[in-house]
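# Examination of the molecular architecture
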Amino acid sequence: MPNDVFDTPPTTLGGARFAPDDPQTPQGAPEREFTVKERSQSQLVFRRFLQHRLAMISLVVFVLIILFAYVGAAIWKYNAADITEQNSAPPSGDHPFGTDAVGHDTLAQVMRGTQISLQISILVAIFATVVGTVWGAVAGYYRGWLDTILMRIADLVLTLPLLAVAAVLGHQSGGTWWLIAVVIGGLYWAYVSRVARGVVLSLREKEFVEASKALGASDSRIIFRHLVPNALGAIIVNLTILVSIAILLETALSFLGFGVQPPDTSLGLLVSSAQTAIDTRPWLFYFPGIFIILIALTINFIGDGLRDAFDPQQTKVRA
């Protein structure tokens, strides 16, 4: 005769199976099966970022801007160098963003300007983040005299008037977009280095670092395989902020005449060229200006979402 205890379907608690009437069943065990699932840090960060509505909307808008700049330029009937027969034409079906005094299609020029501005800002963010992260991680890990020397150099860079120095160095670059990006990145890495140093200083005393040392791991392995990955949250957030800062600084440089030079163009150069025509041909000024604002705002909101998603106090959750 079957045991009455197991006539009732068993339940699951924390991966163990129990029968409701079993004497060994924990008190208060539920009458239905359920599972306990552990989420990793990356899964938790991704889930929290998806729940940030403003950041998700901004991400969609930013992707659309990228598609507009690159895919749109590939399929649009005009390119930035084409000269049409319509001079200073207002927005129309043939020229949605109008034309300038020479006859360039403004939509094609805005696409090209968006490409260059995005390329500069992303290269600035990557360059400054890589250099600043390595610089700050080494300083924070070794501390002592090496930390003092490295951070004093970073402090010296921070005291420089960024716009003035960037204008002088940018003028020497001849308007080449990637040289301008290197100049701007070379002035902003110091900000990232201070963030990376602060995070590494707090992590170097953790148990996993001591365990790595006890197992014979080299300093370089500890820095780049343990400390930097654990500081990735703060680093990624600063990377997104740098993209926004870089596009605004590039705009300022181009507006002052020290950025990208013709025959190439950027959003800042388009705004600078149209400043005298804002009353007579406002479309030349407002369309590139709108894209500058959109890129800066979307990147800032994406950075806010990442900042909320990377919560160092919560590494795993159960659901």
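Residues numbered from 1 in each chain as written. Predicted model: local features only at pLDDT ≥ 70, side-chain atom pairs only at ≥ 80, totals over all residues. Heavy atoms only, no water.

Pairs can form between side chains of opposite charge whenever their charged atoms are close. Applying the stated criterion across every chain, the model contains eight salt bridges. For the salt bridge of Arg112 with Asp264, the shortest nitrogen-to-oxygen distance reads 3.1 Å. With Arg112 in helix 3 (residues 106-142) and Asp264 in the loop between helix 9 (232-256) and helix 10 (267-273), the pair connects residues that are 152 residues apart, well separated along the chain. For Asp264, a relative accessible area of 24% gives the class partly exposed. A salt bridge links Asp147 to Arg197; the nearest nitrogen and oxygen atoms lie 2.8 Å apart. Of the two residues, Asp147 sits in helix 4 (residues 144-158) while Arg197 sits in helix 6 (residues 177-203), which places them 50 residues apart along the sequence. Each of Arg143, Arg204 and Glu205 takes part in a single network of salt bridges with overlapping partners. (Salt bridge = Lys/Arg side-chain N within 4 Å of Asp/Glu carboxyl O. Helix = DSSP H or I, 4+ residues; strand = E, 2+ residues; numbered from the N terminus. Buried < 20%, exposed > 50% of the residue type's maximum accessible area, 1.4 Å probe, protein only.)

Time to look at the packing of helix 9 against helix 11 (residues 283-309). Between helix 9 and helix 11, whose axes approach to 8 Å, the crossing angle comes to 165°. The orientation of helix 9 relative to helix 11 falls into the category roughly antiparallel. Read as a crossing pair, helix 9 and helix 11 show a hand that is left-handed. Each of Ile236, Val237, Thr240, Ile241, Val243, Ser244, Ile247, Leu248 and Thr251 in helix 9 lies in contact with helix 11, whose residues at this interface are Ile292, Ile295, Ala296, Ile299, Asn300, Gly303, Leu306 and Arg307. (Axes fitted to C-alpha atoms, helices over the stretch in contact; angles between N-to-C directions. Parallel < 35°, antiparallel > 145°, perpendicular 65-115°, else oblique. Left-handed = near helix turned anticlockwise from the far one by under 90°. Contact = heavy atoms within 4.5 Å.)

Counted as a void, the second largest pocket has a volume near 410 Å³. If you go around the second largest pocket, you meet 19 residues; those closest to its centre are Asp100, His104, Gln109, Leu270 and Ser273. Taken together, the elements giving at least two residues each to the lining of the second largest pocket come down to helix 3 and helix 10. Tallied by class, residues from the lining of the second largest pocket come to ten nonpolar, five polar and four charged. (1 Å grid on protein atoms, 1.4 Å probe; cavity = no way out; pocket = protein on both sides within 12 Å on 5 of 7 lines; lining within 4 Å. Points joined across faces, edges and corners; volume = space filled by probe spheres on them. Nonpolar A, V, L, I, M, F, W, Y, C, P; charged D, E, K, R; others polar.)

Residues lying three or four places apart along an α-helix face the same way, a consequence of the helix completing one turn every 3.6 residues. Between its first and last C-alpha atoms helix 2 (residues 53-75) spans 31 Å; for 23 residues at 1.5 Å apiece the expected length is 33 Å, and the two agree. Of all the bends in helix 2, the greatest, near 30°, is centred on Phe68. If you check which residues of helix 2 are buried, you get Ala55, Ser58, Phe62, Ile65, Phe68, Ala69 and Gly72. (Expected span 1.5 Å × (residues − 1). Bend = angle between axes of the 7 residues up to and from the residue.)

Quick look at the environment of Ala69 now. With respect to the helices, strands and loops of the structure, Ala69 is situated in helix 2. Setting aside chain neighbours within four positions, we find Ala69 in contact with Met111, Thr114 and Gln115.

Time to look at a nonpolar patch on the surface. A cluster of nonpolar residues, Leu59, Val60, Val63, Leu64, Ile66, Leu67, Tyr70, Val71 and Ile75, forms a patch on the protein surface that exposes about 760 Å² of accessible area. Here Leu64 lies in helix 2. (Patch = residues over 30% accessible without salt bridge, like charges linked within 9 Å, V, L, I, M, F, W, Y side chains within 5 Å. Areas by Shrake-Rupley, 256 points an atom, 1.4 Å probe, with all protein chains shown as cover.)

So, about the confidence of the model for the protein. For the protein, per-residue confidence averages 82 on the pLDDT scale, and residues scoring 70 or more make up 84% of the total. Here strand 1 (residues 11-13) is the element of the protein with the lowest mean pLDDT, 45, and helix 2 is the one with the highest, 94. Note that residues 1-8 has pLDDT below 50 and, in this model, eight contacts with residues that lie over four places away or in other chains. Within the model, pLDDT remains below 50 along residues 314-319, and this stretch shows 21 contacts once partners closer than five positions in the same chain are excluded. (pLDDT = per-residue confidence, 0-100.)

Relative to the elements of secondary structure, Gln109 occurs in helix 3. On the basis of relative accessible area, Gln109 is assigned to the buried category, the value being 14%. If sequence neighbours within four positions are ignored, Gln109 has contacts with Ala80, Asp100, His104, Thr265 and Leu270.

What follows covers unusual backbone geometry. Glycine aside, a negative phi is what most residues show, and trans is what most peptide bonds show. In this model, Pro262 is joined to Pro263 through a cis peptide bond whose omega is 10°. Secondary-structure assignment places Pro263 in the loop between helix 9 and helix 10. Positive phi outside glycine occurs at Ser88, with the angle close to 55°. Its identity as a non-glycine residue notwithstanding, Arg143 has a phi of 55°, on the positive side. Mapping Arg143 onto the fold places it in the loop between helix 3 and helix 4. When its relative accessible area of 40% is taken as the criterion, Arg143 is described as partly exposed.

As for its placement among the helices and strands, Ile295 is situated in helix 11. Exposure remark for Ile295: the relative accessible area of 0% places this residue in the buried category. Put simply, Ile295 and Leu248 are 47 residues apart on the chain and 9.5 Å apart in space, counted from C-alpha to C-alpha. Once residues within four sequence positions are removed from consideration, Ile295 is found in contact with Phe62, Ile65, Thr114, Leu118, Ile247 and Leu267.

Further remarks concern the packing of aromatic side chains. This model, assessed by the stated rule, comprises eight aromatic pairs. Ring centres of Trp135 and Trp189 lie 4.7 Å apart, and the angle between their planes is 50°; on these two criteria the pair is classed as tilted. Of this pair, Trp135 sits in helix 3 while Trp189 sits in helix 6, and the two are 54 residues apart along the sequence. Judged by its relative accessible area of 25%, Trp135 is partly exposed. Of the aromatic side chains, those joined through ring pairs into one cluster are Phe68, Phe97, Phe287 and Phe291. The ring of Tyr141 has Arg204 lying over it, and the distance from NZ or CZ to the ring centre is 5.6 Å. (Phe/Tyr/Trp six-rings, centres within 6.5 Å; stacked < 30°, edge-to-face > 60°. Lys NZ or Arg CZ within 6 Å of the ring centre and 35° of its normal.)

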